[in-house]
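# Topology and contacts: notes
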Amino acid sequence: MHHAPDRLFDRSYDGFLFDMDGTLLNSIAAAERVWSLWALKHGLDLETFLPTMHGKRGIDTIRALNLPGIDVVKEALEVERGEIEDLDGITPIPGAIDFLKSLPAERWAIVTSAPSALARARIGAAGLPQPLQIVTAEDVKIGKPDPAGYRLGAERLGFAASRCLVFEDVLAGVRAGEAAGADVAVITATHAHPLETSHPTIASYEKLRVEFDASRGLRIKAAE
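Here we summarise the structure given alongside this text.

Basis of the calculations
Residues numbered from 1 in each chain as written. Predicted model: local features only at pLDDT ≥ 70, side-chain atom pairs only at ≥ 80, totals over all residues. Heavy atoms only, no water. Core = buried A, V, L, I, M, F, W, Y, C linked by side-chain atoms within 4.5 Å. Buried < 20%, exposed > 50% of the residue type's maximum accessible area, 1.4 Å probe, protein only. Helix = DSSP H or I, 4+ residues; strand = E, 2+ residues; numbered from the N terminus. Contact = heavy atoms within 4.5 Å. Salt bridge = Lys/Arg side-chain N within 4 Å of Asp/Glu carboxyl O. Polar contact = N/O pair within 3.5 Å; in protein donor to acceptor, adjacent residues only side chain to side chain. Phe/Tyr/Trp six-rings, centres within 6.5 Å; stacked < 30°, edge-to-face > 60°.

Moving on: the nonpolar core. In this structure, F16, F18, F99, L103, F167 and Y205 are the most contacted members of the largest nonpolar core, which totals 34 residues. At four residues, the largest contribution of residues to this core is made by helix 6 (residues 116-126). Residue contacts for F99: discarding those within four places in its chain leaves F16, F18, F167, Y205, L208, V210 and I220. Listed in part, the 18 residues of the second largest apolar core include V166, V174, A180 and V186.

A word on unusual backbone geometry. Of the consecutive residues K144 and P145, the connecting peptide bond is found in the cis state with omega at 15 degrees. Residue placement: P145 occurs in the loop between strand 5 (133-135) and helix 7 (148-157). Even without glycine at this site, N66 takes up a positive phi of about 55 degrees. Its place among the elements puts N66 in the loop between helix 3 (58-65) and helix 4 (72-85). Look at N66 and you get exposed, because its relative accessible area is 65%.

Before going further, it helps to examine the pattern of salt bridges. Under the defined criterion, the tally for this structure stands at 13 salt bridges. The salt bridge involving R122 is made with D21; its shortest N-O contact spans 3.0 Å. Taken as a pair, R122 in helix 6 and D21 in the loop between strand 1 (15-18) and strand 2 (25-26) lie far apart in primary sequence, 101 residues in all. With a relative accessible area of 21%, D21 lands in the partly exposed category. Of the charged contacts, one joins D139 and R156 as a salt bridge, the two residues approaching to 3.6 Å between their closest N and O atoms. Of the two residues, D139 sits in the loop between strand 5 and helix 7 while R156 sits in helix 7, which places them 17 residues apart along the sequence. A relative accessible area of 32% means that D139 is categorised as partly exposed. The exposure class of R156 is partly exposed, given its relative accessible area of 34%.

So, on to the side chain of S12. Tracing the backbone through its elements, the reader meets S12 in the segment before strand 1. Polar contacts involving the side chain of S12 include one to the side chain of R219, which spans 3.0 Å. Once residues lying within four places of it in the same chain are set aside, the contact partners of S12 are R163, R216, L218 and R219.

Here the focus is the packing of aromatic side chains. Think of a pair of aromatic rings as described by two things: how far the centres are apart, and how the planes are tilted against each other in angle. Enumeration over the complete set of coordinates arrives at 14 aromatic pairs. Pairing F16 with F167 gives two aromatic rings, centres 5.3 Å apart and planes at 75 degrees, and the pair type is edge-to-face. On the criterion of sequence distance, the pair formed by F16 in strand 1 and F167 in strand 6 (residues 164-168) is long-range, its members being 151 residues apart. In this structure, F16 and F167 share a single accessibility class: buried. Judged by centre distance (5.1 Å) and plane angle (35 degrees), the ring pair of F99 and Y205 falls under tilted. Taken as a pair, F99 in helix 5 (residues 96-101) and Y205 in the loop between strand 8 (201-202) and strand 9 (208-213) lie far apart in primary sequence, 106 residues in all. With relative accessibility at 3%, the residue F99 sits in the buried group. On the accessibility criterion, Y205 (1% relative accessible area) is buried. Aromatic ring contacts, followed pair by pair, group Y13, F16, F18, F99, W108, F167 and Y205 into a single cluster.

Okay, here's the thing in C-alpha cells:
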C-alpha cells in the first residue's frame, strides 16, 4: 500500500462501489487483443489508440474517434462479441475474491463501463462472486467520467453516494466517483505508470480487511 492509505481507515461507509476492469480483475491482455484487431481493421495506430480505450464504454470510445462512414452501434457490438468470446488470461486482482466475500452482499455493487453480458462473463472468468447489484453500460446514457453510474449504484444499494466509497483504477472513473460525491480509493495493481491523484492508493486488497457493524457500517482496516 502507498500514498496515504491510512486515510481509508478514518471513516465508516454504508456501501462500497467497485469498478470492474483493473479494479477487481485484470482483463488488459484480453481487451487489448480484441481492440487491437478492431483498430487495425480501421487503420488506427495501436500505440496511440490502446491507452485511450480503458475505463470507458466501448460505444463512447468508438464515437470519440469520429471515423467516417461507420455505424457506431454496430461496431461496438462487434467488439463486445469479441470480448465475450476472449476470456483467456482474465485474473482477479490479488486479494479481491476474499475481500468481496467478506462484505455483506447487500452492501456492495459493481459499476462498470462494460455491457452486462461481458461484465458477467469476466466476473465469472476471474472467479469473483457475482454481485447482487451491478450497473453496466446499458444502464446509463452517458458513461464515465459522468457520475450517473455511481449515483445509480449507490441508489440501488439504498444509500447516498456521499456515504459510499468508490474503488477505481483510471482517471475517468475517479472523476465519476468524485462528481457523484463519493470518497475514492485508487487501485494500482494494473498500472504501468503512476496515476496522479490525491486519493488514497492501494496496490491490492491483500493487506486489507473489513469490519462491519449494522449501526456503523463498513470500515476498512489493515490486515494483521
